[in-house]
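# Descriptive structure summary
Here are the chains, one letter per residue:
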Amino acid sequence: MANKLISEMGLPKSTAHVFAARNIITAKDALSLSEFELMELLDVGLEEVTRAVAHISEFACPPYQTALSVLEQRIQNENMAGHLPTRLKGLDAALCGGIPFGVVTELVGPAGIGKTQFCLKLALLASLPTSYGGLGAHVIYVDVESKFSSRRMIEMGINSIPEIFQKEGLAQEMAGRILVLRPASLSEFTESLQQIKVSLLQHHVKLLIVDSMAALASGEYGPGPPRQHPLGWHISFIKSLAEFCRIPVVVTNQVRSQVHDDASRYLFQVQRIAELRLKKIPQNFLLILLLLLEFTGLMLLLFVLC
Amino acid sequence: MEISTLPISASQRGKLLSAGYTSLSSLSSLSPSGLAQDLKISETEALEILKVASQRNGLNKFENGSRAIVNGAQTAWDMLHEEESSIRITTSCSDLDEILGGGISPKEVTEIGGVPGIGKTQLAIQLAVNVQIPADYGGLGGKAIYIDTEGSFMVERALQIAEACAQDMLEYNSLLRKNFKPCQGNKEPKEFLDNIFYFRVCTYTEQIAVINYLEKFIFEHKDVKVVIIDSITFHFRQDFEDMALRTRLLGGMALKLMKLAKKFNLAVVLLNQVTTKFMDGSFQLTLALGDSWAHASTNRIILYWNGNERYAYIDKSPSLRSASASYSVTGKGIRNSASNCKRVKLM
């Protein structure tokens, strides 16, 4: 909507011409300037500028929905109102039905806790036919650390849902729906993301997994708090993918120990701690004074005795 | 009054000045055709200028009237009266309400910031639901506008909070009016969702456009009593290189929101992210968007972790004491902290 053309918004002709003559073509160009700047630049009066800005804003403004209509649409159009069940009762209840569509879900935990196993299971569940409670769709699995194991996934399937996997050919069909990508570097990942965007739209892909996000960024951190996250662009791109294709996206992340210092506090918290410390000092000071007195007294006593 | 204060275009102003018209009074006795001849402009244009000028003159005359010394001003006494009678939006956490003087106040811009996961969006959804509590229950009975820039609004969660709110209202009803007929205005949870207008904004241009458009939208939907922007920061932090432009755009937006809050008597709630800032030799957390933005909002509330408990701290407010209170995020929404023996702590 930001790139909507001003000339197509039905402004009064004279006003539209003035905008075009000053090379203000899109809504973005116009709205990036204040009303006074526009007055100067376009050489028209305040009233006309405010009227034009209001008009452009109305056109560039995204449409609204009530929260109720959003909810009803999801219930109508999507599996479980937009959720992929994990089949873990407690987790599904907490997540209102499962991994939500349209947003990014991050799995975090220490090494060996089972993040990859969790992802494998999710890929399997999404690839199940809809008659068995799956999404019956393709899955894109970005495997950064080469941890994906088809054997393990089939094993999981046979053990957890034997009635399906013992059927001839179904295991093959489902495993065939899972596309594994193995980018070797961040730049390769960037490239494949662009491809994923295209294939998400063209093919019936209903789940995207990135295992793991942290491995992509490792080694690219400098000391001190980073100014801009190396994966900032990727994360927002993935987020927009999830939202506009209305699919669940699952990414995994590693854990790091964090130093608890002032960098995780606000100024008012630091000040309060400093005040507390100040209050403690007099007590210590008295104690030291007392010790000193005692010490000198002892010395004097010794001196007298000698 | 001088010509230079008139809201007309630069070239028209230049023409007026070069033709010798420097004060408003010099324009007062002119006819449009005379002015058009003098300035070598079309008659309609001259008429426009005279219209603007006479409006200005009219304003001046009114200012000299007996009622108000300055047009559009209000006495402090009237403001006090208005403030006392205005209903605030409860946060559903009585400790938090206490330090806020009853809740989020209408007519003002309130900024709420904190680290990811502290409960900013939860609080925002809670407010979007609570603004709809009918007047019979001490609420505003209004509607909410929710402008989502991050895609973090969850309808399921809004439904849960609405269900809890409807439940609370029923309980309150049965406690208070045991022998009376059931109170009118009991609401279904879904009704709450129907009164939340949700805008999903994907670029900063759209964000500005929505804020510009709000005036018209609220004029058409007069019962909107809260505007929530979750978050004001998102599009201005990523891929934004021109810092001067950013400051200007944010400043303009803040002004428009303040005007909106005053004009329609509604609360504006802005969510903000945090950043680290180098101060006095160490890094510290602070709200994003820099110092000039810090002046933009009337009230500023920081949500923070204190050990394993969530706290809210009033960082800036013209009328409230700076204080902190604990709160918790429960299945029902924002509520009092369970392990709260110390009550409110005033600093």
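Within every chain, residues take consecutive numbers counted from 1 along the sequence as written. Chains and ligands are labelled by the order in which they are written, letters from A for the one and numbers from 1 for the other. Given that the model is predicted, a residue must reach a pLDDT of at least 70 before its local features are reported, and side-chain atom pairs must reach 80 or more before they are shown or counted; all residues, however, enter totals for whole chains, interfaces and linings. Working from all heavy atoms in the structure, the side-chain values ignore hydrogens and water.

### A closer look at the domain arrangement of chain B
Each domain of chain B was delimited in the assignment, giving domain 1 (3-63) and domain 2 (77-346). Of note, the centres of domain 1 of chain B and domain 2 of chain B, computed from C-alpha atoms alone, are 45 Å apart. Domain start and end points were adopted from an automatic or database domain assignment.

### Description of the interface of chain A and chain B
Contacts were defined at the residue level, with two residues in contact if any of their heavy atoms lie within 4.5 Å. Each side of the interface is counted separately: chain A has 50 residues, and chain B has 62 residues. Buried area, as used here, totals the accessible surface that two parts lose on assembly, with accessibility defined by a 1.4 Å probe and the loss added over both. Between chain A and chain B lies a buried interface of about 4600 Å² when both sides are counted; carbon and sulfur atoms form 61% of it. A per-residue breakdown of the area chain A buries against chain B is headed by Tyr64(A), Tyr266(A) and Phe268(A), which together make up 15% of the total. What makes a salt bridge here is a side-chain nitrogen of Lys or Arg within 4 Å of a carboxyl oxygen of Asp or Glu, nothing more. On the surface where chain A and chain B come into contact, there are three salt bridges. Note that Lys216(B) and Glu58(A) form a salt bridge whose closest N and O atoms lie 2.8 Å from each other. By the criterion applied in these results, polar contacts are pairs of N or O atoms within 3.5 Å in which, for protein atoms, one can donate a hydrogen and the other can accept it, and in which residues neighboring in sequence qualify only through two side-chain atoms. On the surface where chain A and chain B come into contact, there are 17 residue pairs in polar contact (both at pLDDT 80 or more). Secondary-structure elements contributing two or more residues to the side of chain A that touches chain B are α2 (27-31), α3 (35-42), α4 (46-60), β1 (64-66), α5 (67-77), α13 (232-245) and α14 (267-305) of chain A. Under the scheme applied here, ten amino acids are nonpolar (Ala, Val, Leu, Ile, Met, Phe, Trp, Tyr, Cys and Pro), four are charged (Asp, Glu, Lys and Arg), and all others, including Gly, are polar. The residue makeup of the side of chain A that touches chain B, split by class, is 27 nonpolar, 11 polar and 12 charged. Two elements, β1(A) and strand β3 (residues 196-200) of chain B, share three bridges in a ladder whose sense is antiparallel. Strands here mean DSSP runs of E at least two residues long; helices mean DSSP runs of H or I at least four residues long; both are numbered from the N terminus. When DSSP finds at least two bridges between two strands, those strands are taken to pair.

### Overview of the nonpolar core
Counting 59 residues, the largest nonpolar core has Tyr266(A) and Tyr146(B) as its most contacted members. The residues touching Tyr266(A), leaving out its near neighbours within four places in the chain, are Gly114(B), Val115(B), Val274(B), Leu285(B), Thr286(B), Leu287(B), Ile302(B), Leu303(B) and Tyr304(B). Residues Val44(A), Ala60(A), Phe199(B) and Leu257(B) belong to the second largest nonpolar core, which totals 56 residues. The term nonpolar core refers to a set of buried residues drawn from Ala, Val, Leu, Ile, Met, Phe, Trp, Tyr and Cys, joined through side-chain atoms within 4.5 Å. Here's how the labels work: a residue is buried when its accessible area is under 20% of the maximum for its type, exposed when over 50%, partly exposed in between, all with a 1.4 Å probe on protein chains only.

### Considerations on the domain arrangement of chain A
As far as domains go, chain A holds domain 1 (6-60), domain 2 (81-253) and domain 3 (263-305). Here domain 1 of chain A and domain 2 of chain A have C-alpha centroids that lie 45 Å from each other.

### What about the confidence of the model for chain A?
The score called pLDDT rates the predictor's confidence residue by residue, from a low of 0 to a high of 100. Here chain A averages 83 in pLDDT, while 91% of its residues score no lower than 70. A low-confidence stretch, residues 221-227 of chain A (pLDDT under 50), is modelled with six contacts involving residues beyond four sequence positions or located in other chains.

### Considering the sheet that holds strand β4 (residues 104-108) of chain A
All names here are of chain A. Taken together, the five strands give an open sheet; going across it, the order is β4-β8-β7-β5-β6, and neighbouring strands pair in parallel fashion. A strand with exactly one partner marks an edge of an open sheet, and here the two such strands are β4 and β6 (178-181). For this sheet the average axis-to-axis angle between neighbouring strands, irrespective of direction, equals 15°. In this fold helix α7 (residues 115-127) packs onto β4, β5 (138-143), β6, β7 (205-211) and β8 (249-253), with an angle of close to 170° to the strand it touches most, β7. Interaxial angles span 0 to 180 degrees and are taken between N-to-C directions of axes, which are lines fitted to C-alpha atoms, for helices over the stretch in contact. This element, helix α11 (residues 186-202), spans β5, β6 and β7 of the sheet and lies at about 175° to β5.

### Focus: the packing of aromatic side chains
When two rings of Phe, Tyr or Trp (its six-membered ring) have centres within 6.5 Å they constitute a pair, described as stacked for plane angles under 30 degrees, edge-to-face for angles over 60, and tilted for the intermediate range. For the coordinates displayed, the defined rule picks out 16 aromatic pairs over all chains. Between Tyr64(A) and Phe217(B), the ring centres sit 5.0 Å apart and the planes meet at 80°, which makes this aromatic pair edge-to-face. Pair noted here: Tyr64(A) is in strand β1 and Phe217(B) is in helix α10 (residues 204-220), and the two residues belong to different chains. Owing to a relative accessible area of 34%, Tyr64(A) belongs among the partly exposed residues under this scheme. What makes Phe217(B) buried here is its relative accessible area of 0%. With 5.5 Å between their ring centres and 50° between their planes, Tyr137(B) and Tyr172(B) make a pair best called tilted.

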